[in-house]
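Summary of the model geometry
So the chains spell out like this:
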Number of protein chains: 2
Amino acid sequence: MFSTMQDVPLTVTRILRHGQRIHGGSQVITWTGDPATPRRRTYAEIGARAAQLAHGLRELGVRPGQPAATLMWNNAEHVEAYFAIPAMGSVLHTLNLRLPAHQLSFIIQHADDRVIIANGSVLPLLAPLLPALDRVEHIVVSGPGDTSLLDGTRARVHDYEELIAGRPTTYPWPDLDERAAAALCYTSGTTGDPSGIVYSHRSIYLHSMQVNTAESMALTAGDVSLAVVPQFHVLSWGLPHAALLSGFSLLMPDRFLQPGPLADMIAAERPRHAAAVPTIFQALVHELAERPRDISALASVTIGGSACPESLMRTLDERYGVRVAHAWGMTETSPLGTTSQPPPGLTPEEEWPYRLSQGRFPAGVEARLIGPDGAEMPWDGTAAGELEVRGPWIAGGYYGGAGATGPERPADRFSPDGWLRTGDVGTISPDGYLTLTDRAKDVIKSGGEWISSVELEGLLMGHPEVREAAVVAVPDERWGERPLACVVPVTTGEVDYAALRAFLGERLARWQLPEHWTTIEEVPKTSVGKYDKKVLRARQAAGDLTVTTLAPAPR
Amino acid sequence: MFSTMQDVPLTVTRILRHGQRIHGGSQVITWTGDPATPRRRTYAEIGARAAQLAHGLRELGVRPGQPAATLMWNNAEHVEAYFAIPAMGSVLHTLNLRLPAHQLSFIIQHADDRVIIANGSVLPLLAPLLPALDRVEHIVVSGPGDTSLLDGTRARVHDYEELIAGRPTTYPWPDLDERAAAALCYTSGTTGDPSGIVYSHRSIYLHSMQVNTAESMALTAGDVSLAVVPQFHVLSWGLPHAALLSGFSLLMPDRFLQPGPLADMIAAERPRHAAAVPTIFQALVHELAERPRDISALASVTIGGSACPESLMRTLDERYGVRVAHAWGMTETSPLGTTSQPPPGLTPEEEWPYRLSQGRFPAGVEARLIGPDGAEMPWDGTAAGELEVRGPWIAGGYYGGAGATGPERPADRFSPDGWLRTGDVGTISPDGYLTLTDRAKDVIKSGGEWISSVELEGLLMGHPEVREAAVVAVPDERWGERPLACVVPVTTGEVDYAALRAFLGERLARWQLPEHWTTIEEVPKTSVGKYDKKVLRARQAAGDLTVTTLAPAPR
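Since we're looking at a predicted model, the values are computed, not measured.

This next bit is on the packing of helix H1 (residues 12-22) of chain B against helix H7 (residues 201-212) of chain B. When two helices pack together, their arrangement is given by the angle between their axes and by how far apart the axes lie. Residues and elements named next belong to chain B. Look at H1 against H7: their axes get within 8 Å of each other, and the N-to-C directions meet at 45°. Of the possible angle classes, the one that applies to H1 and H7 is oblique. Within the contact between the two elements, H1 uses Val12, Arg14 and Ile15 and H7 uses His201, Ile204, Tyr205 and Ser208. The residue inventory of the contact of H1 with H7, partitioned by class, reads four nonpolar, two polar and one charged.

The tally for this structure, following the rule as stated, stands at twelve aromatic pairs over all chains. Arranged with centres 5.7 Å apart and planes meeting at 65°, the rings of Tyr399 of chain A and Phe2 of chain B form a pair that is edge-to-face. In this pair, Tyr399 of chain A is assigned in the loop between strand E18 (385-390) and strand E19 (420-428) and Phe2 of chain B in the segment before H1, connecting two distinct chains. This pair shows no difference in class: Tyr399 of chain A is buried, exactly as Phe2 of chain B is. The interplanar angle of 25° and the centroid separation of 5.6 Å between the aromatic rings of Tyr497 of chain A and Trp517 of chain A together place this pair among those described as stacked. Taken together, the positions of Tyr497 of chain A in helix H15 (residues 497-505) and Trp517 of chain A in strand E25 (residues 516-519) put the pair 20 residues apart, joining distant regions of the chain. For Trp517 of chain A, a relative accessible area of 0% corresponds to the buried category. For Arg355 of chain A, the ring lying beneath its charged end belongs to Trp352 of chain A, and the centroid distance is 4.4 Å.

The next point concerns the side chain of Asp223 of chain B. Residues and elements named next belong to chain B. Summarising the element assignment, Asp223 is placed in the loop between H7 and strand E10 (224-227). Within the structure, Asp223 has its side chain in polar contact with the side chain of Arg272 (distance 2.7 Å). With residues up to four places along the chain from it excluded, the contact list for Asp223 reads Ala218, Phe248, Ser249 and Arg272.

Counting residues at the interface gives 75 residues for chain B, matched by 75 residues for chain A. A combined buried area of about 5,900 Å² lies between chain B and chain A, and 58% of that area is made up of carbon and sulfur atoms. Of all residues in chain B, Met1, Met5 and Gln6 of chain B give up the largest surface area on contact with chain A, accounting jointly for 15% of the area buried on that side. Put simply, chain B and chain A have six salt bridges between them. Residue Arg202 of chain B is joined to Glu178 of chain A by a salt bridge in which the shortest nitrogen-to-oxygen separation is 2.8 Å. In this structure, the connection of chain B to chain A is made through 36 residue pairs in polar contact (both at pLDDT 80 or more). Within the residue set of the side of chain B that touches chain A, elements represented by two or more residues are H1, strand E8 (181-187), strand E9 (195-200), H7, helix H8 (239-246) and strand E18 (385-390) of chain B.

Residues and elements named next belong to chain A. Three or more residues of helix H14 (residues 453-460) are buried, namely Ser453, Leu456, Glu457, Leu459 and Leu460. Buried positions in H14, seen along its axis, are confined to an arc of 165° and lie on one side of it. A distance of 3.4 Å separates the backbone nitrogen of Val454 from a side-chain oxygen at the start of H14, and that oxygen is part of Ser452.

A word on helix H11 (residues 310-320) of chain B. Because each turn of an α-helix spans 3.6 residues, side chains separated by three or four positions end up pointing in the same direction. Residue and element names in this part refer to chain B. All of the buried residues along H11 are Leu312, Met313, Thr315, Leu316 and Tyr320. Down the axis of H11, the sector holding all buried residues measures 165°, keeping them to one side. Each element contacted by the buried residues of H11 is listed here: helix H10 (278-290), strand E13 (300-303), strand E14 (323-328) and helix H12 (348-356). The positive-phi residue at the C-terminal boundary of H11 is Gly321, with phi of around 65°.

In this section: the relation of the copies chain B and chain A. Overlaying chain B on chain A yields an RMSD of 0.2 Å, the required transformation being a rotation through 180° with an accompanying axial translation of 0.0 Å. This pairing of chains is accounted for by a two-fold axis. Of every C-alpha in chain B, the one belonging to Thr213 of chain B sits nearest the axis of rotation, 1.8 Å from it. Mapped onto chain A, 100% of the interface residues of chain B are again interface residues, and the two copies thus contact each other with one and the same surface.

Attention shifts here to unusual backbone geometry. Residue and element names in this part refer to chain A. Here the residue pair Ser334 and Pro335 is connected by a cis peptide bond, since its omega of 5° sits within 30 degrees of zero. With respect to the helices and strands, Pro335 occurs in the loop between strand E14 (323-328) and strand E15 (338-339). You will see that Asp112, though not glycine, has its phi angle at about 60°, which is positive. Take Asp112: it is sitting in the loop between helix H4 (101-111) and strand E5 (115-119).

Next up on the list: the sheet that holds strand E3 (residues 67-71) of chain A. All names here are of chain A. Reading across the sheet, the seven strands line up as E7-E6-E5-E3-E4-E8-E9 and stay open at both edges, with mixed pairing between neighbours. Of all strands in the sheet, those with a lone pairing partner are strand E7 (156-159) and strand E9 (195-200), marking the two edges. For this sheet, the mean angle separating the axes of adjacent strands, direction not counted, is 25°. Both E3 and E5 contribute to a ladder of three bridges, which runs parallel. Across the sheet, residue Thr70 finds its bridge partner in E5, namely Ile117. H4 rests against E3, strand E4 (91-94), E5 and strand E8 (181-187) of the sheet, and its axis sits at about 150° to E8. Sitting on the sheet, helix H7 (residues 201-211) is in contact with E8 and E9, with an inclination near 75° to E9.

The next subject is the nonpolar core. Counting 162 residues, the largest nonpolar core has Leu239 of chain A together with Leu239 of chain B as its most contacted members. Residues contacting Leu239 of chain A, with those up to four places away along its chain left out, are Val211, Met217, Leu219, Ser225, Ala227, Val229, Phe248, Leu250, His273 and Ala275 of chain A. Within the second largest apolar cluster, 63 residues are counted, among which are Ile29, Ala181, Phe232 and Trp352 of chain A.

Attention now moves to the confidence of the model for chain A. When the pLDDT values of chain A are averaged, the result is 94; 99% of them are 70 or greater. The ipTM value of the predicted complex is 0.92, and its pTM value is 0.92.

Residue and element names in this part refer to chain B. Strand E19 (residues 420-428) sits mainly inside the fold: eight of its nine residues count as buried. One ladder, built from four bridges, connects E18 with E19; its direction is antiparallel. Among the inter-strand pairings, Glu386 is bridged to a residue of E19, identified as Val425. Of the pairings in the sheet, the one linking E19 to strand E20 (residues 433-439) comprises five bridges and is antiparallel in character. Bridging from a neighbouring strand, Ile428 pairs with Leu434 of E20. Between E19 and E20, which follow one another and run antiparallel, lie four residues, and Gly432 among them has a positive phi close to 85°.

What follows covers the packing of helix H9 (residues 259-269) of chain B against H10 of chain B. Residues and elements named next belong to chain B. One can describe the packing of H9 onto H10 by two numbers: an axis separation of 9 Å at closest approach and a directional angle of 80°. With respect to each other, H9 and H10 are oriented roughly perpendicular. The segment H9 lies against H10, with Pro259, Gly260, Leu262, Ala263 and Ile266 engaging Ile280, Ala283, Leu284, Glu287 and Leu288. Here the residues of the contact of H9 with H10 are counted per class, giving eight nonpolar, one polar and one charged.

Position of Gly337 of chain B relative to the elements: it lies in the loop between E14 and strand E15 (338-339). When sequence neighbours within four positions are dropped, the list of residues in contact with Gly337 of chain B reads Trp328, Gly329, Arg360, Phe361, Pro362 and Val365 of chain B.

This part takes up the environment of His286 of chain B. All names here are of chain B. Within the secondary structure layout, His286 lies in helix H10. Its relative accessible area of 48% is what places His286 among the partly exposed residues. Note: C-alpha distance between His286 and Ala218 (68 residues apart in sequence) is 28 Å.

Once that is clear, we can look at the sheet that holds strand E3 (residues 67-71) of chain B. All names here are of chain B. Reading across the sheet, the seven strands line up as E7-E6-E5-E3-E4-E8-E9 and stay open at both edges, with mixed pairing between neighbours. Of all the strands in the sheet, just strand E7 (156-159) and E9 have a single pairing partner and so form its edges. The mean angle between the axes of side-by-side strands here comes to 25°, regardless of whether they run parallel or antiparallel. Along the sheet, helix H4 (residues 101-111) makes contact with E3, strand E4 (91-94), strand E5 (115-119) and E8, crossing E8 at roughly 150°.

Residue and element names in this part refer to chain A. The element E3 is extensively covered by neighbouring structure, given that five of its five residues are classed as buried. Of the two faces of E3, the one holding Pro67, Ala69 and Leu71 and the one holding Ala68 and Thr70 are both buried throughout. Looking at chain direction, E3 and E4 are connected through four bridges and run parallel. Within the sheet, the bridge partner assigned to Ala69 lies in E4 and is His93. At this point the chain moves from E3, through helix H3 (residues 76-87), to the parallel E4, and the crossover so formed is right-handed.

Cut-offs applied
Residues numbered from 1 in each chain as written. Chains lettered and ligands numbered in written order. Predicted model: local features only at pLDDT ≥ 70, side-chain atom pairs only at ≥ 80, totals over all residues. Heavy atoms only, no water. Axes fitted to C-alpha atoms, helices over the stretch in contact; angles between N-to-C directions. Helix = DSSP H or I, 4+ residues; strand = E, 2+ residues; numbered from the N terminus. Parallel < 35°, antiparallel > 145°, perpendicular 65-115°, else oblique. Contact = heavy atoms within 4.5 Å. Nonpolar A, V, L, I, M, F, W, Y, C, P; charged D, E, K, R; others polar. Phe/Tyr/Trp six-rings, centres within 6.5 Å; stacked < 30°, edge-to-face > 60°. Buried < 20%, exposed > 50% of the residue type's maximum accessible area, 1.4 Å probe, protein only. Lys NZ or Arg CZ within 6 Å of the ring centre and 35° of its normal. Polar contact = N/O pair within 3.5 Å; in protein donor to acceptor, adjacent residues only side chain to side chain. Buried area = accessible area lost by both parts, 1.4 Å probe. Salt bridge = Lys/Arg side-chain N within 4 Å of Asp/Glu carboxyl O. Arc of directions from axis to C-beta. Least-squares fit on C-alpha atoms with pLDDT ≥ 70 in both. Pairing = 2+ DSSP bridges. Core = buried A, V, L, I, M, F, W, Y, C linked by side-chain atoms within 4.5 Å. pLDDT = per-residue confidence, 0-100. Right-handed = clockwise from strand over helix to strand, strands pointing away.

This is the structure we're talking about:
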């Protein structure tokens, strides 16, 4: 028997057509710094201008299957590019304007970007790169900026508004295969070159539907969502696509990402929902404590990117009536991987462990845990393994650059049967709640078991004599790896390692206790403030640390 | 550029696996008539039993691509069949136990059903059909019933529980193409033979995601939904699939569809949501007025199948705090076509026209209105046309029966470019709200314009002398068609047609006023109480009505 259903592709074009027609009155509200004059643009206008932009880009030589890049904040013009470029059959390449210059240059060349739409305010970042980017042909500048910075570049410079002015407000959007490339994002790997993920029309469409389900962000045409998460960061977690799909309005901060303006825009535009990394909300809470604003409209926030501290969740919940939904994801997962909705029937206090977990997987994300020996681990809430995922909005490879004939599938990122190896280590409860404990590269693989460096660090920092602590693996002939505890003491005197080990021994099994110890002045950190353990590993390998090895602990 | 995303099919199997693992504790609650002892079965159990059922059906000869039929109420075993049959690659064929015997026989033969799973309580309906159904090989009986009714049939009779007992609780579910056939439903056309729609795994998956969006039914793992709408009626509007997708529990009435038991089960099991046709809720409201129950848990209901009277919506809303979402759909649309969520920012009273409309289209349902001359009509809230729809869960043809090589696409049901012609006539507002006014076959096509028979009937019945009125088209040499008003007067005397026409003339344009009039004793009705206009048209064609034709109305 055969299906009698219509065969209609799931495309960004369909989302655009739907949003501009059915939700034509919903808006992208772009912050300008002045609460009295945000820029408001309806989805009907966004749709018309996206068509004009497509005509303009076509004239600049952008063709189906080719990338067109953006180097922009969250604003209405970036939303226009989000729809114009994929709908014309080309590939939206969002450039991360927080990356170091050498990575940005690498990415632009790797993707073979010929056209870049840039906000005027980021030209000081872009201009110095251009001399080395000899394949970039056109820079389209949106919004105020010092275009004289571009004087002398080979690329032709266009004003965004002039490029689209007077062009037709409809475009003959081509019929597209739903598996065609729609958007390109690079992960900002802390080691090695960035890797490109090419989302398809299908993956974006399905992910956007998931965002709009009640179990995820539950947004509808009546809502306003403040998208703090940048459009250059995993497609703003899918919010622009989800917005035109279900008609909620987007409040876009443009370059005003400081806590003061964010509090102002929440007070003025009254979004019901917001999405951002925890540090943004941490700063917002401090801002509100110093200069209160009315943020009573804000009912729920999606927090992801890194784990949200319990204290922040409780402050938002108890002081401001803002419900936090914790979410886990990565560039390779579009990014929606889990959301922490507690199971039904619990008291508020019983809900906390679930709310603090990374949450449950939606049906679109199949999961498994792979243990130290490569076997699948049970979902019992205690057995740890590396999380591997599979699904229609999960990457199955990386982009090999112009000229590549298919995705690259490095064995450390993709399993032989095609699942994504997330590099995250954790446990899953019998009812499917994920709790992440470590990055796989930070776990100590000792005698066929895993020792959590994060757990050791957390316990050590609970000792009154320890200011900071980082734990890294060192090679061990018998066990494979053993933990090295690097301690920053509160006072400058001698550290009593045996006492610290005994302190850990009250909470951990003997085989988990570090025998190698060292004292450091501070834990080295990355530019975003994360522990940079590769520096510690390098110092240890170079013999640059004074390591004390204790005799086995007494039983 | 190529996409680097994984290619993972959207299948019923994935929904089953997800539901049984992530939402293994959610339940199908089957009513037994006794509030103290409903049957509770978790999704983990449903999954295990679905595997056992698949083993059993395989032993009975059910093969991939072949149908296996159900003749069942809404209950746990029917949910098991919903997942077992498509996941094993076969096609779930839900038989409508309300159909007349000759239609049921036709459908079973047309689909070439060899295996039928039937509830014991419906054997009195099935048994008389079997002698003529010589290709049915197996009857699997679930639940109590008089199996002696099946004595002497050619088919082998099995007990459901005996068939599955002791079999493995896992099944090697095959990898399936998402466009493969998953389920088969026949429309109960009022004229002609029923037509079969074959849903694909893809269409069911996408439709289920839509059900779970916040703009549609917004159900999550914390909820219980009372699925009054039968599982044999457009897959219970997608609720069983949506339930395992997002983890809400299903409250299933089994054969207890009377208002008393429905009120009992709402009071006892406290569902937050329910879905049914308006008459069910009308009866429930009467029941509650006579014998009050606590239905305070019920917060929202989805009402479709036919238009919901405003009075019923207001009673549910104002007396019981139950919010009604009006929905439109048909078997050909899976069925979710529209849902009436009002736009934001309105007062409760301003919301009413939107709530009474059929609602807005989701992105998965593209719509257009085709006017009398075949041209697309504007979305201005006044121009009427036949609604045509397109999308990934919309039928593109009918099943031609065993041996057919592709879908049948009758020109009166499918446009040349593949859109479904719904047969419904209405208007669409600029912001996408659909208001249906007529069935296309009941519209009078006069001089390139459409005259709404429903509007004429409504106005006529507002006249104090008119008890009932039906308006049908009669052929007209000059105009194509003209309206014939068939009036049932309140008293038995002569009807003053000219006065009625003048009454209509206060509200309608001259060209819309009927010149042909007749008096009838009552309007003929179908078995479900709808006006049966084909009887009136036949009587008119046979010269069986005394028609008075008035001179043109004075200007």
